Amino acid sequence: MTALDYILAGVLAVIHGPEAFTLLGIPVSVTVLMVVAGFFAGIVVGATPGLGQVIALAISLPILISIFGFNASALLPVMGFMIGIMKGSTVGGAVPAILFNTPGTPDSYMTTLDGYPMTRNGQAQKALRVAHFSSVSGDTFSDICLFVFAPSLAILVERYLDLPEKTALIILSLSFIAVVVGRSPAKGLAAAALGLFFVYVGTGEDFHPRLSLNAPALADGIPITAAVIGVLVVGSIFSELEKLWREKSIAGAITPTSQSGDGRLHWTDIRRIAPYIGRSAVIGTAIGALPGIGSTLAATLGYASGGAFHRRRKAPDEPEFGKGAMQGIAATEAANSSVAGANLIPVLSLGIPGNTAAVFLVLAADTIGGFNPGPGVFRFTSTENPELVIAFGLFTTMVIANILNWTVGGVFMRCMGIMIRIPKQYLLPVVLLLTFASLYVQQTSMAMIGFALFFGALGYIMIKLGVSPLPFVIAFVLGRQLESTARQAFSATGGDPFFLFSSWIAVAFMAGAVAIIVITIQRRRAST
Amino acid sequence: MRRIHPDTALAVILLAFAALVLVFWLPADTDTGLYEIKRGKFTIGDALAPAFAGTVMAIAGLLLLFGSKARDAPKLDTGHVKFLSAMIAIVLAGMVLMRWAGPAATMLFADDDYRLLRDTVPWKYLGFSSGGFVIVAGASSVVEGRFSRGAALAGVVAVLFIIALYDLPFEDLLLPPNGDV
């Protein structure tokens, strides 16, 4: 099969997959239906403060698996739904930031700086339209980069990286994620170390399950979904509830938010914001392609870069950044949205999840089976490589979600202001129970809820101590792969204890792992 | 008395935990060491990966201990501990109810064992309904500082919504605790 055959096979796997229903005589496949459903669900959760894509992905994964089962035909519908959620929540996240000065996610914090002043000036609708246009533009740009670069990067990886190099690459990625994410490199390293430690409990190759304290619940290892969802979702819910609890204790009441504003996006506005979108899309895509850096830094850099540009170029009657400039919204939203597609480059080409949403895609692939994200996916063989067809199917679902985003996404996004009316002190506990129930139905064991509670408490403590949970999660996900690759590399090199330094590429990766830690610590020390 | 910086406290905890893992836990709770010899060949033992994790943890602790300390470093206060304790207590109470409300009710009011009735309405919902209600209404009440009608309503709606989501459409999905009993 040629590359074109594979692309066509991927498109057909999505469009002509199992039929859900017929619309005006045209069959609509289950995968397309799931992308649409995921997209709208994503906008709803993105627009609801306290929810967001991580919670939505965590809750939907067990439901989807129970519906579609554990066979390869489930991959595209399940992952299509998850991609729909990722795309939808990316645009939906700007809604509470603009209307209610409440960033739904950390990366939409910068959107509040200009979005909320626009709302107070009666331009809420215009601000939402700017956010939508910028977000979708950035997202589409990064998707195109993903389609172009992921296969070529994977081919390079497959050609030049053997087992020692792959082991060194995982170590480099872990150290990179640990020290770059969050404010403190030492805390990031600690989080990654904890993630590694917990994933090794109860696993191993010996008869005796290591570090299990002879407890039957630990003998089979800690379930990955319980640990990941516990730290990320349950920890965040506890943290949000605690903020409300303090607000109630200090102010005597939890302040409800209100909505106002109107406005349209004109062609002249698009021309004014286009340079800011372009800059931020490039910044966001470049940052997104590096594992673990995430959309918050992209949003910050995009906003800072846009702000510097705005000071040189702004007309005298235009507001400054931070005082209701629509260019500020455009710079932030284009940057944080362009991370989304680019974040999948390390997942699909290296098998290394770069952010939490990507972690759930890896979890879905791992749970269902039949698709192992990594360089092996992009083998253009003459006989059909089913994983490559799935990869191009995933790209097709992204294109469908982008088309939805350009056409109906904006309208639906602007309707979502209503979600803010559900008080968070009721909504979040419901999400907490839904999370526990979703974990339980996966493995039907109360131990799942127990693990989620334990890791939720750990996640809460990490958040309160300023330790990012992301290095923990990525380390937990990559820990077993790191160990098995190292074991294979050790055997393959004939028991060479210096296998991590057996080639110049591996040496370069290991030197990079140490250098990134040293440089980041020195820079943070210089800036404090 | 001079207060300990939060990063110093965290560093001490990390170093202590790393020492516990590396010196006591790992040697006592793994069958093989850092490496072993199988059929004349060196292979990586089960202790190496956790030892690597423990070493990274110790390095992180040392970096925190001797690194620069920000004045506004986040720290845990009594409010955090109180709130987290309340949440853990509520979820544990909910879990106990989930696990035992159904079997207790069948012991008191039914002729059969819960195991035989766990796919029968209303028995199969007793544990999840009571435990789920306690978790949702309890968490809302802690935040509001009182038990309110809103909290009770949220508890009821959550339980009904999740039953409608998981149990009604899917025959093979089990709500807590019906897979355990």
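A quick note: this is a predicted structure, and the numbers were derived from the prediction, not measured.

1. A few points about the overall build of chain A
Along chain A, the regular secondary structure elements total 21 helices and 2 strands. Relative to the 2.2 N^0.38 estimate, which gives 24 Å for 528 residues, the radius of gyration of chain A is 23 Å and therefore close to what a compact globule would have. Seen through its principal axes, chain A has C-alpha atoms that stretch 70 × 60 × 50 Å. Excluding contacts between residues fewer than 6 apart, the proportion of contacts in chain A whose partners are at least 24 apart in sequence is 78%. In the form shown here, chain A has an accessible surface area of approximately 19,400 Å², with 65% of it arising from carbon and sulfur atoms. Positive and negative side-chain charges in chain A, numbering 31 and 26 respectively, have mean positions lying 13 Å apart.

2. Structural notes on the overall build of chain B
Within chain B one finds 6 helices and 2 strands. For chain B, the sequential pattern of α-helices and β-strands runs α-β-β-α-α-α-α-α. Taking 16 Å as the expected radius of gyration for a compact globule of 181 residues, we find that chain B reaches 25 Å, considerably beyond that expectation. Summarising its shape, the C-alpha atoms of chain B cover approximately 60 × 60 × 30 Å along the three principal directions. Within chain B, the proportion of its 181 residues that are buried is 46%.

3. Description of the pattern of salt bridges
Scanning the entire structure with this criterion turns up 18 salt bridges over all chains. For E483(A), the salt bridge is made with R210(A), and the minimal N-O distance between the two is 2.8 Å. Separated by 273 residues along the polypeptide, E483(A) in helix 20 (residues 469–492) and R210(A) in the loop between helix 9 (185–200) and helix 10 (216–219) bring together distant segments of the chain. Measuring nitrogen to oxygen at the nearest pair gives 2.3 Å for the salt bridge that ties R246(A) to E242(A). Of this pair, R246(A) and E242(A) both sit in helix 11 (residues 224–251), 4 residues apart, roughly one helical turn. Beyond isolated ion pairs, a larger network of salt bridges with shared partners links E205(A), R210(A), E483(A), R487(A) and D46(B).

4. Side note on the pairing of strand 1 (residues 19–23) of chain A
Residues and elements named next belong to chain A. Alignment of strand 1 against strand 2 (residues 26–29), held across 4 bridges, turns out to be antiparallel. Residue pairing for strand 2: F21 is matched across the bridge by V28. Remark: 2 residues form the turn of the hairpin made by strand 1 and strand 2, two consecutive strands paired antiparallel; L24 in that turn has positive phi of roughly 50 degrees.

5. Focus: the interface of chain A and chain B
Listed per partner, the contact involves 68 residues of chain A and 73 residues of chain B. The contact between chain A and chain B buries some 6,200 Å² in all, and 75% of this surface belongs to carbon and sulfur atoms. Three residues stand out in chain A for area buried against chain B, namely W245(A), L433(A) and M446(A), and they jointly supply 11% of the buried area on that side. Where chain A packs against chain B, one counts 4 salt bridges.

6. A short note on the nonpolar core
Counting residues in hydrophobic clusters, the biggest one holds 191 residues, and the most contacted among them are F360(A), F371(A), F472(A) and Y166(B). Tallying contributions element by element places helix 11 of chain A first for this core, with 13 residues. Built from parts of two domains, this core gets at least three residues from each of domain 1 (6–66) and domain 2 (78–167) of chain B. Contact partners of F371(A), with chain neighbours within four places excluded, come to L75(A), M79(A), L348(A), A365(A), V377(A), E387(A), I390(A), A391(A) and L394(A). With 24 residues, the next largest nonpolar core counts V91(A), M118(A), A127(A) and L128(A) among its residues.

7. Side note on a positive patch on the surface
All names here are of chain A. Taken together, the side chains of R279, R311, R312 and R313 present a region of like positive charge at the surface. Broken down by element, the residue count for the positive patch peaks at 3 residues, all from helix 13 (residues 295–313). Structurally, R311 is set in helix 13.

8. Considerations on the packing of aromatic side chains
Tallied over the entire structure, the rule returns 22 aromatic pairs over all chains. Their ring planes at 35 degrees and their centres at 6.2 Å tell us that Y276(A) and F321(A) sit as a pair that is tilted. Taken together, the positions of Y276(A) in helix 12 (residues 267–288) and F321(A) in the loop between helix 13 and helix 14 (326–342) put the pair 45 residues apart, joining distant regions of the chain. The exposure class of F321(A) is buried, given its relative accessible area of 15%. Centroid distance F454(A) to F455(A): 5.0 Å. Interplanar angle 85 degrees. Geometry classified as edge-to-face. Among the residues examined, F455(A) registers a relative accessible area of 1% and is labelled buried. Over the aromatic face of W100(B) sits the side chain of R99(B), whose NZ or CZ is 4.2 Å from the ring centroid.

9. Examining a nonpolar patch on the surface
Among the surface-exposed residues, L34(B), Y35(B), I37(B), F42(B) and L48(B) lie close enough to one another that they form a single nonpolar patch of about 500 Å² accessible area. Considering the arrangement of structural elements, one finds F42(B) in strand 2 (residues 41–44).

10. A few points about the domain arrangement of chain B
We note that the domain assignment places domain 1 (6–66) and domain 2 (78–167) within chain B. Distance from the C-alpha centre of domain 1 of chain B to the C-alpha centre of domain 2 of chain B: 40 Å.

11. Some details on the packing of helix 7 (residues 124–160) of chain A against helix 14 of chain A
Two quantities define a packed helix pair, namely the angle between the axes and the distance from one axis to the other. Residue and element names in this part refer to chain A. Direction vectors running N to C along helix 7 and helix 14 enclose 30 degrees, while the axes themselves pass 7 Å from each other. Classified by the interaxial angle, the pair formed by helix 7 and helix 14 is roughly parallel. Crossing angle aside, the handedness with which helix 7 passes helix 14 is right-handed. Within the contact between the two elements, helix 7 uses A127, V130, A131, S134, S135, G138, D139, S142, D143 and L146 and helix 14 uses M326, I329, A330, E333, A334, S337, S338, A340, G341 and A342. Residues of the contact of helix 7 with helix 14, tallied by class, amount to 10 nonpolar, 7 polar and 3 charged.

12. Some remarks on unusual backbone geometry
Here V121(B) and P122(B) are connected by a cis peptide whose omega angle stands at 5 degrees. Take P122(B): it is sitting in the loop between helix 4 (114–117) and helix 5 (123–144). A cis amide bond links P176(B) with the next residue in sequence, P177(B), at an omega value of 5 degrees. Note on placement: P177(B) falls in the segment after helix 6 (149–167). Despite not being glycine, L211(A) shows a phi value in the positive range, around 55 degrees.

13. Brief notes about helix 21 (residues 504–527) of chain A
Between the first and last C-alpha of helix 21 of chain A there are 33 Å, a value that for 24 residues agrees with the 34 Å anticipated at 1.5 Å per step. The inward-facing, buried residues of helix 21 of chain A contact helix 7, helix 8 (163–180) and helix 9 of chain A together with helix 2 (48–66) of chain B.

14. Observations regarding the environment of M79(A)
One can find M79(A) in helix 4 (residues 75–92). Overall, M79(A) belongs to the buried group, its relative accessible area being 1%.

15. Regarding the side chain of S142(A)
Residue and element names in this part refer to chain A. Summarising the element assignment, S142 is placed in helix 7. Here S142 falls in the buried class, since its relative accessible area comes to 0%. For S142, the contacting residues outside a window of four places in its chain are T285, S337, S338, A340, G341 and A342.

Conventions adopted
Residues numbered from 1 in each chain as written. Chains lettered and ligands numbered in written order. Predicted model: local features only at pLDDT ≥ 70, side-chain atom pairs only at ≥ 80, totals over all residues. Heavy atoms only, no water. Helix = DSSP H or I, 4+ residues; strand = E, 2+ residues; numbered from the N terminus. Rg over C-alpha atoms; globule rule 2.2 N^0.38 Å. Contact = heavy atoms within 4.5 Å. Areas by Shrake-Rupley, 256 points an atom, 1.4 Å probe, with all protein chains shown as cover. Lys, Arg positive; Asp, Glu negative; His and termini not counted. Charge placed at Lys NZ, Arg CZ, Asp CG, Glu CD. Buried < 20%, exposed > 50% of the residue type's maximum accessible area, 1.4 Å probe, protein only. Salt bridge = Lys/Arg side-chain N within 4 Å of Asp/Glu carboxyl O. Pairing = 2+ DSSP bridges. Buried area = accessible area lost by both parts, 1.4 Å probe. Core = buried A, V, L, I, M, F, W, Y, C linked by side-chain atoms within 4.5 Å. Domains from an automatic or database assignment. Patch = residues over 30% accessible without salt bridge, like charges linked within 9 Å, V, L, I, M, F, W, Y side chains within 5 Å. Phe/Tyr/Trp six-rings, centres within 6.5 Å; stacked < 30°, edge-to-face > 60°. Lys NZ or Arg CZ within 6 Å of the ring centre and 35° of its normal. Axes fitted to C-alpha atoms, helices over the stretch in contact; angles between N-to-C directions. Parallel < 35°, antiparallel > 145°, perpendicular 65-115°, else oblique. Left-handed = near helix turned anticlockwise from the far one by under 90°. Nonpolar A, V, L, I, M, F, W, Y, C, P; charged D, E, K, R; others polar. Expected span 1.5 Å × (residues − 1).

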